[in-house]
Amino acid sequence: MLIPIHSFISDLRLEQDLLRGIKVRRIEQKHRYTEKGAQKFYESYISNPNTESYFGSSLAWNDYLNFFKRYITYADKLQKLAFVLLGCGKVLERDLIKTLHDEGHNLHFIGVDSSHAMLELANENLKDYDFDKMLICADFTEDNFTTEINRVIGSFDKRLFAFLGGTFSVFIPTDIVDTLANIVTDNDMLWVEVLLREDMTERNNLMLFKHFAKRLERSTRIRNDAYPIEKMGIPFENGEMTLETIKEPAVGAINFKYVFLMKKKTRIHFRNEMITLLPDEKIELLNIRAYDSEKLVNFFEEHGFKFISSERKKNRGQFLFQLKEK
Amino acid sequence: MADSSIQDEREFREMMAEVDPSISSRLLVALDFAKGAHAGQTRKSGEPFILHPIAVGYGLWKKYEDPELAAAGFLHDTIEDCEDVSRGKIYEVFGDTVGFLVDAATKNLYDFHLRPEVVFEDKIERLLWAGMQDMRVLLLKIADREHNISTLAHLKNNRQVRMAFETQAIFQPLRNILRIDTKMTLPESTKNLYDFLEKNNLKSPKDLKEFLYQQCYQNFNDDVYKLVYEDSDKIIWEIEDMTIYENLCNLSDFQSYIDVISMWTNGRQFKVLLSFKKGYVIDEPNISLKISSFKN
């Protein structure tokens, strides 16, 4: 059964945000999944499931299950748990939720995504699942999110905030970690999955770079990544997609940035404003970060989190944190 | 290093016992002259300075068995670093050939003792001109540089980077042209150099210098060379060939000498931006380093 989608964010706000993004030439990744972008993303993901945000072998839902079950006690099982999946997308993790539910967890699923179109796809994906669920259209980096989410899940015994898949890696670490420190309370858990660096060598960085550069060869995929550009009326042919890296040493990450490089002068009208883009200007569209495990943990600890556990499988790592006692 | 160089002297003296006395006596005079001239001097590492000329002279003897070249190896820093040793003295004591080799290997001179009419403001051109007269000058200078590079760690990082840059720009390509790693007699080496100069139409030291620049660097000239020489550790370099960069990444020690700032591709072209933290000479053909920008 389809459920109503709650919204903490308006379409107008998203469009204003997109306008601001093109002006500063940095468009947040959430805009890639709006409107037709959601379906495009979904289709390209289905055709290339291992190349979206995973590198090497992706974590399967039972990898999540096995990791999480190590930290669920019988007492936890009896508690009323809010499972908040941040950036829920199409909820490919539905089998994980279903299994926990079927095993007797008193669990309520809350999927949060900033794209209404993506949540509609999630709704479709979840319609045959009978666990308690709620879908919320919200941007969890917005100021009002903490207040709004607490209104929805404030009465739960325990809350689990999860970033599964590639969601966490698209956010600026300093932005998201402080946001999370304000959302999460003492009894909550934070579960984060990231792409991990094998080591800190330039050789490994180059290996990852070559992997991510292959995405540029797939014309459909790369056009889908550029969906916000086309949505605003910038012809794809007026530029080209490029990949560049920057290092974020404080968190031990290397950031692979997909950037649209303008080749021709282009003038667009978006939300009644005229925007002029000149050759050699760059529009940042997508970030994928690969982290060093130890530095990531240290980074969270320095921002007020207590490390509970981590598990690595090939290039994927999952980490569990709680808030340190204040 | 000190132990191995003391051993160098011991081995060299033992070796001299097997050599024609007319040769060994000249070489031992050169060795003792250098020891006297450099007495009390130390290197940045704190070791006695004389260990360096001994390593250079002995290395040249082992490789080429040429008495003048080995003697010049022992003496090559005396004019430059010893107040009591004049250029004329070296010519007087060791003859015109050794004198010329040492004269040519001495920095901060503009002419030559026996050729005062030949004047160069550019020290690299002066060296290359001398090398085109007697290619042993180049063998001497390369041996000197190789030993200095092998003991680079004692220098400050910016000095290391500068010396490595000069080596990369001039001496590494010279090494390749002279085929230093190939066993050749001196006459074969000389023929090899002249054949190379003729084949590439390199008629003057300036031609040769500009040819050397282009072996490792893109769009290089004297002005750019001077700019980089002054601020070697502040340059951000660009490499556009991913295979070359991949080969460098596969070298076990490369990473500890560089900072990679970023990599870039549009799917067809590639570039990596990097800077050198310490002195490192890349021993890869066609690396084609290009200046990207200066560090703040």
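Quick caveat, the model's predicted, so the values are computed rather than measured.

(A) Highlighting the overall build of chain A. Summing up its helical and strand segments, chain A has 12 helices and 13 strands in all. Since a compact globule built from 326 residues should have a radius of gyration of about 20 Å, the 20 Å found for chain A is in line with a globular shape. For chain A, buried positions account for 43% of its 326 residues. In chain A, the proportion of contacts linking residues at least 24 apart, taken out of those at least 6 apart, comes to 73%.

(B) Quick look at the pairing of strand S2 (residues 258–265) of chain B. Summarising the sheet, strand S7 (residues 239–248) of chain A and S2 of chain B pair through two bridges and their orientation is antiparallel. Of the residues in S2 of chain B, the one forming a bridge with Leu243 of chain A is Thr265 of chain B. Pairing of S2 of chain B with strand S3 (residues 270–276) of chain B involves seven bridges; the strand directions are antiparallel. Following the sheet pairing, Val260 of chain B is matched in S3 of chain B by Leu274 of chain B.

(C) Representation of the interface of chain B and chain A. Taken together, the contact between chain B and chain A spans 12 residues of the former and 14 residues of the latter. Taken together, the elements giving at least two residues each to the side of chain B that touches chain A come down to helix H13 (242–249) and S2 of chain B. In terms of residue count, the dominant contributor to the side of chain B that touches chain A is S2 of chain B (five residues). Split into classes, the residues belonging to the side of chain B that touches chain A amount to five nonpolar, six polar and one charged.

(D) Structural context of the nonpolar core. With 167 residues, the main nonpolar core has Phe83, Val84 and Ala162 of chain A together with Leu75 and Leu101 of chain B as its most contacted residues. Setting aside anything within four residues of it in sequence, one finds Val84 of chain A in contact with Ile110, Val112, Ile153, Arg159, Leu160, Phe161 and Ala162 of chain A.

(E) Helix H7 (residues 123–133) of chain B, seen in detail. When H7 of chain B is considered as a whole, its buried residues turn out to be Arg126, Leu127, Leu128, Trp129, Ala130 and Gly131 of chain B. Contacts made by the buried residues of H7 of chain B are with helix H6 (87–105), helix H8 (136–150) and helix H11 (205–216) of chain B.

(F) Unusual backbone geometry, seen in detail. Residue and element names in this part refer to chain B. Of note in this structure, Asn201 is not a glycine but carries a positive phi near 55°. Along the polypeptide, Asn201 turns up in the loop between helix H10 (186–199) and H11. Phi at Asn286 takes a positive value of approximately 55°, unusual for a residue other than glycine. Position of Asn286 relative to the elements: it lies in the loop between S3 and strand S4 (290–294). According to the C-beta neighbour criterion, Asn286 is exposed, with 9 such atoms within 10 Å.

(G) Geometry of the environment of Gln16 of chain A. Within the fold, Gln16 of chain A resides in helix H1 (residues 11–24). For Gln16 of chain A, a count of 12 C-beta atoms within 10 Å gives the class exposed.

(H) Molecular detail of the packing of helix H2 (residues 21–37) of chain B against helix H4 (residues 67–75) of chain B. Residues and elements named next belong to chain B. With their axes 8 Å apart at the nearest point, H2 and H4 run at an angle of 10° to one another. Between H2 and H4, the angle falls in the class roughly parallel. Where H2 abuts H4, its residues Ile23, Arg26, Leu27, Ala30, Leu31, Phe33 and Ala34 lie against Pro67, Ala70, Ala71, Phe74 and Leu75. For the contact of H2 with H4, a count of residues per class yields 11 nonpolar, no polar and one charged.

(I) Layout of the confidence of the model for chain B. In the predicted model, chain B carries a mean pLDDT of 93, and 98% of its residues have values of at least 70. Scored as a complex, the prediction yields pTM 0.87 and ipTM 0.91.

(J) Representation of the confidence of the model for chain A in the model. Per-residue pLDDT for chain A has a mean of 88; in total, 94% of the residues score no lower than 70. Note on residues 51–57 of chain A: pLDDT under 50 across the span, and 15 contacts to partners over four residues away in sequence or across chains.

(K) Inspection of the packing of H7 of chain B against H11 of chain B at higher detail. All names here are of chain B. Here H7 crosses H11 at 110°, and the two axes come no closer than 8 Å. Considering their axes alone, H7 and H11 lie roughly perpendicular with respect to each other. Classified by chirality, the crossing of H11 by H7 is right-handed. Seen from H7, the contacting residues are Ile124, Glu125, Leu128, Trp129 and Met132; seen from H11, they are Pro205, Lys206, Leu208 and Lys209. Its residues placed into classes, the contact of H7 with H11 shows six nonpolar, no polar and three charged.

(L) Up close: helix H9 (residues 157–178) of chain B. All names here are of chain B. Between the first and last C-alpha of H9 there are 29 Å, a value that for 22 residues agrees with the 32 Å anticipated at 1.5 Å per step. At Gln168, H9 is deflected by roughly 45°, the largest bend along its length. Positive backbone phi, approximately 50°, marks Arg179, located one or two places after H9.

Conventions and cut-offs
- Here the residue numbering is sequential within each chain, running from 1 through the sequence in written order.
- Think of it this way: whatever chain is written first is A, whatever ligand is written first is 1, and the rest follow in order.
- In keeping with the predicted nature of the model, local features appear solely for residues at pLDDT of at least 70, side-chain atom pairs appear and are counted solely at 80 or more, and the whole-chain, interface and lining totals rest on all residues.
- Put simply, DSSP marks the helices as runs of H or I at least four residues long and the strands as runs of E at least two long, and each gets a number from the N terminus on.
- The size measure is the radius of gyration over C-alpha atoms, and the globule rule it meets is 2.2 Å times the number of residues to the 0.38 power.
- Whether a residue is buried, exposed or partly exposed follows from its count of other C-beta atoms within 10 Å of its own C-beta, namely 20 or more, 12 or fewer, or something in between, respectively; the C-beta atoms are built from the backbone.
- With C-beta atoms placed from the backbone, a contact is any residue pair whose C-beta atoms sit within 7 Å.
- Two strands pair if DSSP finds at least two bridges between them.
- Only Asp, Glu, Lys and Arg are considered charged in this grouping, and only Ala, Val, Leu, Ile, Met, Phe, Trp, Tyr, Cys and Pro are considered nonpolar; every other residue, Gly among them, is considered polar.
- In these notes, a nonpolar core means any group of buried Ala, Val, Leu, Ile, Met, Phe, Trp, Tyr and Cys residues linked to one another through C-beta atoms within 7 Å.
- Convention adopted: a line fitted to C-alpha atoms gives each axis, helices being fitted over their contacting stretch, and angles between N-to-C directions are expressed from 0 to 180 degrees.
- Roughly parallel means an angle under 35 degrees; roughly antiparallel, over 145; roughly perpendicular, 65 to 115; everything else is oblique.
- Per-residue confidence from the predictor is given as pLDDT, running between 0 and 100.
- The handedness criterion is simple: a crossing whose near helix is rotated anticlockwise from the far helix by less than a right angle is left-handed, and one whose near helix is rotated clockwise is right-handed.
- Take the number of residues in a helix, subtract one, and multiply by 1.5 Å to get its expected span.
- One axis is fitted to the seven residues ending at the residue and one to the seven starting there. The bend at that residue is the angle between these axes.

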